[in-house]
Amino acid sequence: MLEVRDLSVNYGHFTALHAISLTVNPGEIVVMLGANGAGKSTLFRTLSGLQRPSGGSAAWNGTPLTGGKPEYNVEHGVAQCPEGRLLFPDLSVEKNLRLGAFVHRKDPAGTNKELERVYTLFPDLVQKRNAPAGSLSGGQQQMVAIARSLMARPQLLLLDEPSLGLAPMVVEQVFAAVQRVNEAGVSVLLAEQNAYAALGVAHRGYVMESGVLTLQGTQQELMTDDRVRSAYLGV
Ligand code: ATP
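These lines cover the structure that appears in this document, whether it is placed above or below. No experiment lies behind these values; they were computed from the predicted model shown.

On to the sheet that holds strand E2 (residues 14-24). Read from one edge to the other, the open sheet built from four strands follows the order E2-E1-E4-E5, with strand pairing classed as antiparallel. Each of the sheet's edge strands pairs with one partner strand only, and the pair in question is E2 and strand E5 (63-64). Inspection of the sheet shows strand E1 (residues 2-11) paired to strand E4 (residues 55-60) by five bridges, in the antiparallel sense. Across the sheet, residue Val4 finds its bridge partner in E4, namely Ala58.

Next comes the structure, spelled out in structure tokens:
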């Protein structure tokens, strides 16, 4: 499981995360709701080993994630799908996917096998495999970004704002894909501003405001919470 305890992150004198604690159990989709600037990306960057915390701990199945070595975290089962996708637009879809398998570069047979597995989860990408990633629609590019993270064979996927900039119908397709990934055995921590779509697939969630976790609950509890409904569901 993911166990985050009293995790704090400072940027100079500014504290972006104030001793937050959370868990993700194996098999769960957990959503982190929060507005722009709440600290979701800071949390994800820290869990990926890109940002050193100033206090507290984070571990996946007992392996510390805070050593500041992103490749180590990927090797130990934690992969991030970053906000904004960050694909190589001129490279083919398949080349983008293969880049996600960098940590398994000594196992090309395993990577080929994983590629086929990923295509079964994202069947729409099969006919696009030789197309430049930049030629795909926004929704398809998001699918490529998620598929690329899976090429690292993670047990825990950190998925940052997958709905960003997508039309509502496309958002639904992306979240259906997230559910398929989860059903294939990958735990997911999802950062989202689109609470409605995210709570549709999440088992549990947290609300982050200015670097503090202000609420937590099951999907049902959060969906029916008045504060969540007015701040994040617009009802
Ligand atoms: P977004 O949805 O825009 O990504 P977020 O919830 O992910 O928002 P963060 O990007 O984690 O929020 O930012 C949290 C806070 O930390 C914000 O106030 C932001 O301005 C600040 N911050 C982020 N990165 C830095 C940095 N490198 N230096 C200083 N402050 C930063």
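This part is about the nonpolar core. Formed by 47 residues in total, the largest nonpolar core has its most connected members in Phe122, Ile146, Leu190 and Val228. Mapped onto this core, the elements with two or more residues apiece are strand E3 (29-33), helix H3 (93-99), helix H4 (108-121), helix H5 (138-150), strand E7 (156-160), helix H6 (168-183), strand E8 (187-192) and helix H7 (195-201). In contact with Leu190, other than residues within four places in its own chain, are Ile29, Val30, Val31, Met32, Phe44, Leu159, Pro162, Phe175, Ala198 and Val201. By size, the runner-up hydrophobic cluster in this structure holds 24 residues, among which are Leu47, Trp60, Leu156 and Ala191.

Another aspect to go through is the packing of aromatic side chains. All told, the structure shown has zero aromatic pairs when counted by the stated rule. Its end group placed over the ring of Phe122, Arg180 keeps NZ or CZ at 6.0 Å from the ring centre.

For the rest of this paragraph, the subject is the site of the ligand. In the region of the ligand, 14 residues are neighbours, and Asn36, Gly37, Gly39, Ser41 and Thr42 sit closest. Measuring from an oxygen atom of the ligand, one finds a side-chain N or O atom of Asn36 at 2.6 Å. Separating an oxygen atom of the ligand from a backbone N or O atom of Gly39 is a distance of 2.8 Å. Here the ligand has 630 Å² of accessible area as a free molecule, and 61% of this is covered by the chains. The set of elements that each furnish at least two residues to the shell around the ligand consists of E2 and helix H1 (40-47). The element contributing the most residues to the shell around the ligand is H1, with three residues.

Now for the environment of Gly217. Mapped onto the elements of the fold, Gly217 is located in strand E10 (residues 212-218). When its relative accessible area of 9% is taken as the criterion, Gly217 is described as buried. Distance from Gly217 to Lys40, taken between C-alpha atoms, is 17 Å for residues 177 residues apart in sequence. When residues no more than four places from it in sequence are discounted, the contact partners of Gly217 are Arg204, Gly205 and Leu222.

For the structure shown, the criterion picks out 10 salt bridges. The salt bridge involving Arg98 is made with Glu94; its shortest N-O contact spans 3.8 Å. One end of the pair, Arg98, and the other, Glu94, are both in helix H3, four residues apart, so they sit about a helical turn from each other. Taking relative accessible area as the criterion, Arg98 reaches 36% and is therefore assigned partly exposed. In this structure, Arg129 engages Glu94 in a salt bridge whose closest nitrogen and oxygen atoms are separated by 2.8 Å. Separated by 35 residues along the polypeptide, Arg129 in the loop between H4 and H5 and Glu94 in helix H3 bring together distant segments of the chain. Residue classification places Glu94 among the buried positions, given a relative accessible area of 14%. What you see here is one network of salt bridges that share partners, running through Glu94, Arg98, Glu116 and Arg129.

Attention now goes to the side chain of Thr66. Tracing the backbone shows Thr66 in the loop between E5 and helix H2 (70-75). Overall, Thr66 belongs to the buried group, its relative accessible area being 18%.

So, about the environment of Asp90. Among the structural elements, Asp90 can be located in the loop between strand E6 (78-81) and H3. Counting along the chain gives 41 residues from Asp90 to Ala131, while the straight-line C-alpha distance between them is 8.9 Å.

Looking now at the pairing of E4. Strand direction decides the pairing type here: E4 and E5, joined by two bridges, are antiparallel. Paired with Trp60 across the two strands is Thr63, which belongs to E5. A loop of two residues connects E4 with E5, the two strands running antiparallel in sequence, and Asn61 in this loop sits at a positive phi of about 45 degrees.

Right, let's get into the sheet that holds E8. Strands sit in the order E6-E7-E8-E3-E9-E10 across an open sheet of six strands; the sheet is mixed. The open sheet is flanked by E6 and E10, the only strands paired with a single partner. Averaged over neighbouring strand pairs, the angle between their axes works out to 15 degrees when direction is ignored. Bridging between E6 and E7 involves four bridges; their strand directions are parallel. Following the sheet pairing, Val78 is matched in E7 by Leu156. Against the sheet, H1 engages E3, E6, E7, E8 and strand E9 (204-209), with an angle of about 150 degrees to E8.

The rules behind these values
Residue positions are given per chain, counted from 1 along the sequence in the order it is written. It should be noted that, the model being predicted, local features are given only for residues of pLDDT at least 70 and side-chain atom pairs only at 80 or more, the latter also being counted only at that level, while totals for whole chains, interfaces and linings use all residues. Excluded from the side-chain calculations are hydrogens and water; all other atoms, namely the structure's heavy atoms, are used. Two strands pair under a simple rule: DSSP has to find at least two bridges between them. Each helix corresponds to a stretch of at least 4 residues labelled H or I by DSSP, and each strand to a stretch of at least 2 residues labelled E; elements are numbered beginning at the N terminus. In this description, a nonpolar core means a group of buried Ala, Val, Leu, Ile, Met, Phe, Trp, Tyr and Cys residues linked to one another through side-chain atoms lying within 4.5 Å. Between buried and exposed lies partly exposed: a residue is buried under 20% and exposed over 50% of the maximum accessible area for its type, with that area taken using a 1.4 Å probe on protein chains only. For this analysis, residues touch if any pair of their heavy atoms sits within 4.5 Å. Here a Phe, Tyr or Trp ring, Trp counted by its six-membered ring, pairs with any other such ring whose centre lies within 6.5 Å, and the pair is stacked when the planes are under 30 degrees apart, edge-to-face when over 60, and tilted otherwise. Any Lys NZ or Arg CZ that is within 6 Å of a ring centre and within 35 degrees of that ring's normal is treated as a charge sitting over the ring. Whether a residue is near a molecule or strand depends on its heavy atoms: if one lies within 4 Å, it is near. Pairs of N or O atoms within 3.5 Å make up the polar contacts considered here, provided that, within protein, one atom can donate a hydrogen while the other can accept it, and that residues adjacent in sequence are counted only when both atoms are side-chain atoms. Using a 1.4 Å probe, the Shrake-Rupley method yields the accessible areas, and only the shown protein chains count as cover for residues. We define a salt bridge as a side-chain nitrogen of Lys or Arg found within 4 Å of a carboxyl oxygen belonging to Asp or Glu. Every angle, taken between N-to-C directions, lies between 0 and 180 degrees, and every axis is a line fitted to C-alpha atoms, over only the stretch in contact when it is a helix.

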